[in-house]
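# Survey of secondary and tertiary structure
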Amino acid sequence: MSKILLINGPNLNLLGTRETDIYGSRTLADIEAEFIEEAAALQLQAETFQSNNEGAIVDRIHQAAKDAVEVIIINPGAYTHTSVAIRDALAGVGISTIEVHLSNIYQREEFRHHSFVAPVAKGQIAGFGPLGYLMALWAARRMIAGS
Ligand code: CA2
């Protein structure tokens, strides 16, 4: 079975507890469980990872290459707008990557409009809330099938 890795960056562990007007009321555990279930239905083996630490995310991306992960789906959180290290890790391992944001970052503050990850990603999904993770999964399924 093809392996998929979902990475969530800083503060996304707080989902469902604060700022529910922006990020919704579902917890990360709930979203991850749904992701794993939908992946299984698509014959994909999904793993999930969340960290508030940039280096831990870089290490997990490196590990993904050793584990022969075929697609990384990543919401880098605020590191989207700051992290050359995460961008370099994704480019370095060369694993197809889909960038996801819960909110539409282009409708928000100017500093959220730039993504360091976008140039090394296959594509970006933003503004659909947790549905975006499933949309990325469906795209990953097609990418792996080559269609
Ligand atoms: O829209 C997204 O998914 C973001 O990646 C979320 C990041 C933000 O810095 C990006 O610009 C866009 C922030 C995640 C913070 O998540 C929280 C969830 C609940 C309560 C507080 C923060």
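This text gives an overview of the structure that appears in the document. Being a predicted model, the structure only gives us computed values, none of them experimental.

### Brief notes about the overall build of the chain
For the chain, the count of helices and strands is five helices and five strands. Ordered by position from N to C terminus, the α and β elements of the chain give β-α-α-β-α-β-α-β-β-α. Over its C-alpha trace the chain gives a radius of gyration of 14 Å, about what one expects of a compact globule, namely 15 Å for 147 residues. Classification of the 147 residues of the chain by burial places 42% in the buried group. Counted over contacts in the chain with a minimum sequence separation of 6, partners at least 24 positions apart contribute 75%. Summed over its atoms, the accessible surface of the chain is roughly 7,100 Å², and 50% of this surface lies on carbon and sulfur atoms. Put simply, the chain has 11 plus and 16 minus side-chain charges, and the middle of one group is 4 Å from the middle of the other.

### Details of helix H4 (residues 84–93)
Three or more residues of H4 are buried, namely Ile86, Ala89 and Leu90. Summarising the axial view, the buried residues of H4 lie within an arc of 95°, below the 170-degree limit, and thus occupy one face. Structurally, H4 contributes buried residues whose contacts are with helix H3 (54–66), strand E3 (71–75) and strand E4 (96–101). Where H4 starts, the residue carrying a side-chain oxygen 3.4 Å from the main-chain nitrogen of Ala85 turns out to be Ser83.

### Quick look at unusual backbone geometry
Even without being a glycine, Glu19 presents a positive backbone phi close to 50°. In this structure, Glu19 sits in the loop between strand E1 (2–8) and helix H1 (20–23). The phi angle at Gln43 is positive, at roughly 60°, despite the residue not being glycine. Mapped onto the fold, Gln43 is located in the loop between helix H2 (28–41) and strand E2 (44–50). Here Gln43 falls in the exposed class, since its relative accessible area comes to 53%.

### Some details on the environment of Ala145
Among the structural elements, Ala145 can be located in helix H5 (residues 131–145). For Ala145, a relative accessible area of 55% corresponds to the exposed category. Spatially, the C-alpha atoms of Ala145 and Gly77 are 29 Å apart, while their sequence positions differ by 68 residues.

### Observations concerning the pattern of salt bridges
For the coordinates displayed, the defined rule picks out five salt bridges. A salt bridge links Arg60 to Glu47, with the nearest nitrogen and oxygen atoms 2.8 Å apart. One end of the pair, Arg60, is in helix H3; the other, Glu47, is in strand E2, with 13 residues separating them in the sequence. You can call Glu47 partly exposed: its relative accessible area is 39%.

### Details of the site of the ligand
In the vicinity of the ligand, 17 residues are found, and the nearest of them are Asn75, His81, Leu102, Ser103 and Arg112. At a separation of 2.7 Å, an oxygen atom of the ligand approaches a polar backbone atom of Leu102. The separation between an oxygen atom of the ligand and a polar side-chain atom of Arg112 is 2.9 Å. In isolation the ligand offers 500 Å² of accessible surface; the protein chains occlude 95% of this area. A molecule is said to occupy a pocket when more than half its atoms come within 2 Å of that pocket's grid points, and by this definition the ligand occupies the largest pocket. Looking at the shell around the ligand, its residues break down into eight nonpolar, six polar and three charged.

Quick notes on the rules
Residues numbered from 1 in each chain as written. Predicted model: local features only at pLDDT ≥ 70, side-chain atom pairs only at ≥ 80, totals over all residues. Heavy atoms only, no water. Helix = DSSP H or I, 4+ residues; strand = E, 2+ residues; numbered from the N terminus. Rg over C-alpha atoms; globule rule 2.2 N^0.38 Å. Buried < 20%, exposed > 50% of the residue type's maximum accessible area, 1.4 Å probe, protein only. Contact = heavy atoms within 4.5 Å. Areas by Shrake-Rupley, 256 points an atom, 1.4 Å probe, with all protein chains shown as cover. Lys, Arg positive; Asp, Glu negative; His and termini not counted. Charge placed at Lys NZ, Arg CZ, Asp CG, Glu CD. Arc of directions from axis to C-beta. Polar contact = N/O pair within 3.5 Å; in protein donor to acceptor, adjacent residues only side chain to side chain. Salt bridge = Lys/Arg side-chain N within 4 Å of Asp/Glu carboxyl O. Near = heavy atom within 4 Å. 1 Å grid on protein atoms, 1.4 Å probe; cavity = no way out; pocket = protein on both sides within 12 Å on 5 of 7 lines; lining within 4 Å. Sits in = over half its atoms within 2 Å of the grid points. Nonpolar A, V, L, I, M, F, W, Y, C, P; charged D, E, K, R; others polar.

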